[in-house]
Structure formats: C-alpha cells, structure tokens
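# Residue-level structural notes
Spelled out from the first residue to the last, the chains are:
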Amino acid sequence: MNPTNTENIGKNVNINNIIFSNLIFDNLPSGLLVLDSKGKVVLFNKTLQLLTGLNRNNIIGTPYRDLFKSVNQVNMADNKLQLTLLTGVSYDNIPPEHILPIKPLKFVQVSTQAIRNWDNSCCILGAIALFAKVIKAKHLRELEQAVIQAERLAILGQLAASAFHEVKNQLTVAGGFLQLLNKKYTDLQYINIINESFQHTSNLANDFLQLARPGYAQRKVCKINELIDQVATLLQGEATKYNLEIQKEIPPDLPNLLLDEEQIKQVLINIIKNGLEAMPSGGKLIIKVSDCPENNTLCINVIDSGIGIDEETKASLFKPFYTTKTNGTGLGMFISQQIISNHGGSIQISSQPTKGTTVTIKLPLPN
C-alpha cells in the first residue's frame with residue numbers, strides 16, 4: 001500500500017472521530033463548557049448555546065476571563081469555574097449567571113469539575129462546567145402541595161356526594177307530602193311554585209350524584225344498535241305526546257363497543273331529550289350511526305330540525321351550571337362530555353339558529 005494513502009486514511013479516521021465526538025457533545029441534554037489548562041474556552045456545545053442564547057462561534061478560542069469584560073465582574077478570584085481550574089476543587093449548584101455573563105435562568109444549575117489524566121494525577125488539564133436542568137426544592141414542595149390539595153378535593157367530593165344523598169332523601173319525603181297537599185288544596189297557587197323549586201333541587205341532586213360516580217365502573221362489550229333502540233323506545237312516548245318523530249338510521253352490522261351501558265344511555269337520553277325540546281312546533285329527530293374504520297371510531301349523530309343554537313350559547317353548552325331551560329340544572333351536557341371523554345371519545349355540536357342542531361358523538365372502536 002502506498003504510504004501516502006495510508007497517511008490519508010489515518011487522517012480521515014481521525015477527522016471522522018473528531019466530527020463524531022462533536023456530535024455527541026452537541027446532542028447532550030445538558031450544556032457543556034470546557035476550558036483548557038490556560039483558561040481558554042475549547043468547547044461550548046449546542047445545548048449550551050440554545051440554553052444561554054450566546055453564540056458559541058464568538059466564544060470558542062476566547063480566554064474565559066475575557067467573557068466578563070463587558071459586565072461588572074472585575075474580580076475573577078471568586079469565580080467557581082476559575083477556582084476549579086486553579087485548585088481542582090469541584091462545586092455544585094452554582095447559578096448559571098455566575099459562570100457565564102447571562103441573565104438569570106430558572107431551573108438551571110451548574111456543576112464544575114477539573115479535567116485530569118486517567119491516572120488521576122495532580123496535573124490539571126482543564127475544567128468543565130455542566131449546565132443541567134433541575135427541579136428546585138421550592139417547586140418540589142409546590143408539587144407536593146398540589147397532590148395534597150387534590151387529595152383534599154377528592155375527600156370533599158366524597159363528602160359532598162354523601163351530603164347530596166341525604167338531601168335527596170329529605171327532598172323525597174318533603175316532595176311526597178307536598179303532592180298530598182297539592183291534591184287537597186288545589187286553590188293554593190304557591191304550592192305549585194314550591195313544587196317546581198323542589199323538582200329543580202331534586203334534579204340538581206340527581207345530576208350531582210351522577211357526576212360523583214366513578215367513570216370506569218361497569219365497562220363491558222355491548223351492541224350499540226340495541227342500546228340506541230332501548231333509548232329511542234324509552235323516549236318514544238314523550239315524542240308522540242308533542243307530535244314529534246324519532247327516526248333511526250342504524251346499520252345492522254355495527255361492531256360491538258366496550259362501554260358503560262348506563263352511562264352511555266344517560267348521555268343519549270340527555271341529548272335526545274334536548275333535541276325533542278328544541279322542536280316545540282313538531283318535527284323530526286334522526287339518530288344516524290356509522291363506523292369509520294380508517295379513524296377507528298364509531299359516530300352517533302343526533303340531528304333535530306328545531307330552533308337551533310347561536311354561537312354564544314354553543315360556546316357555553318359544556319360549562320357546568322350553564323342552562324337555557326327554566327328548570328335545567330346546567331349539568332347535563334357537562335356530565336355527558338365527561339362520560340364520553342372517559343370512554344376515550346369526543347362530543348361536538350354543530351348548529352345555527354332556525355336550522356336545527358346536530359350533536360356528534362365519536363367513540364373508539366375496539367382494537
């Protein structure tokens with residue numbers, strides 16, 4: 001082999017090793033600053049450039065002391081990286097602005113280390129400053145407080161659910177006697193007002209208790225077409241009463257879903273009842289189901305030909321306690337969204353005033 005070629009191969013291998021080493025340094029998750037034995041910056045990796053905003057092309061090859069000429073740090077004797085280079089002593093948890101002339105950085109701390117030979121001889125060849133992202137004790141305490149607060153809220157939720165159970169029991173007793181009074185004293189107009197107030201409070205208790213139930217309790221494989229048939233049959237009487245029609249467009253070969261049947265029934269009942277109530281002058285409500293294998297979802301569209309919803313109302317429908325009904329609790333759509341979300345799905349509303357409303361429920365197909 002030609003000696004000249006051998007030399008070139010050796011040079012290429014050496015150059016490739018240097019390039020690869022630089023790539024390793026640049027891809028470190030921490031910032032890296034390296035000084036040689038004379039205090040000159042020989043390495044300033046890409047991570048440190050992104051972290052500090054300093055241009056490494058203007059820094060590499062520069063004496064470390066010169067970096068601080070533009071700031072009011074005349075005394076370099078207390079600089080920890082400089083001390084590491086001179087004495088070999090390592091330092092931890094140093095603010096980054098003490099190592100480089102930069103603005104204070106949050107969640108970043110610096111450690112210094114002397115560079116020695118493999119035999120750990122006394123000869124110091126340089127110094128390293130490692131800039132690492134950390135979570136300070138203060139923020140750890142904040143995280144702990146957040147966990148404690150979440151636990152307290154969970155306990156409060158359980159207590160509130162128990163309290164609402166008791167309220168519900170008392171309302172049932174009082175409501176029963178109120179109905180007896182209403183039958184005996186039909187001429188007392190205030191009884192109807194009291195009765196409406198009791199009914200509203202009872203509905204609120206029911207909705208709150210439903211919200212307090214766990215979201216994954218009764219999941220099982222179910223046939224969505226049979227579930228929709230049950231709900232439609234349940235509401236058919238109410239539809240007929242107001243001269244409304246419920247029409248179903250459901251393919252017979254839909255895949256089975258893993259659902260909590262009672263919760264999905266509650267969602268469908270709430271949405272269909274809203275649709276029926278949106279058609280005071282009569283009309284048609286369509287329940288249309290289709291599966292989209294390419295998106296791995298099943299879509300349930302509840303379409304009414306009612307009065308529609310304006311943009312302002314539509315934007316608030318999923319907010320708790322927002323309602324447009326006289327006796328509404330404002331929790332129906334909020335709970336419905338929570339249930340569908342817990343099933344890994346989504347619920348959307350498309351509507352315009354006088355042009356009806358379409359509520360689209362998307363549920364994931366089983367894998």
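Described in the following lines is the structure provided in the data block.

Procedures and definitions
- Residues numbered from 1 in each chain as written.
- Predicted model: local features only at pLDDT ≥ 70, side-chain atom pairs only at ≥ 80, totals over all residues.
- Heavy atoms only, no water.
- Salt bridge = Lys/Arg side-chain N within 4 Å of Asp/Glu carboxyl O.
- Helix = DSSP H or I, 4+ residues; strand = E, 2+ residues; numbered from the N terminus.
- Buried < 20%, exposed > 50% of the residue type's maximum accessible area, 1.4 Å probe, protein only.
- Pairing = 2+ DSSP bridges.
- Axes fitted to C-alpha atoms, helices over the stretch in contact; angles between N-to-C directions.
- Contact = heavy atoms within 4.5 Å.

### A short note on the pattern of salt bridges
Following the criterion strictly, the structure yields four salt bridges and no others. A salt bridge links Asp26 to Arg56, with the nearest nitrogen and oxygen atoms 2.7 Å apart. Within this pair, whereas Asp26 is found in helix α1 (residues 3-26), its partner Arg56 is found in the loop between α2 (46-52) and α3 (80-87), the two being separated by 30 residues in sequence. A salt bridge links Lys314 to Glu311, with the shortest nitrogen-to-oxygen separation between them at 3.2 Å. Remark: Glu311 and Lys314 occur in helix α8 (residues 311-316); sequence separation between them is three residues, near one turn of the helix. By relative accessible area, which is 53% here, Glu311 ends up exposed.

### Points about the pairing of strand β5 (residues 124-133)
Two elements, strand β1 (residues 31-36) and β5, share six bridges in a ladder whose sense is antiparallel. When the sheet's bridge partners are listed, Leu35 is paired in β5 with Ala127. The pairing of strand β4 (residues 108-116) with β5 spans nine bridges and is classified as antiparallel. Considered in β5, the bridge of Arg116 is made with Ile124.

### Details of the sheet that holds strand β2 (residues 41-44)
Strand order across the open sheet formed by five strands is β2-β1-β5-β4-β3, with antiparallel pairing between neighbours. In this open sheet, the two edge strands, each paired with only one partner strand, are β2 and β3 (91-94). Going across the sheet, the axis of each strand differs from the next one's by a mean of 15°, ignoring polarity. Its contacts with the sheet place α3 against β1, β3, β4 and β5, and it is angled at close to 150° to β5.

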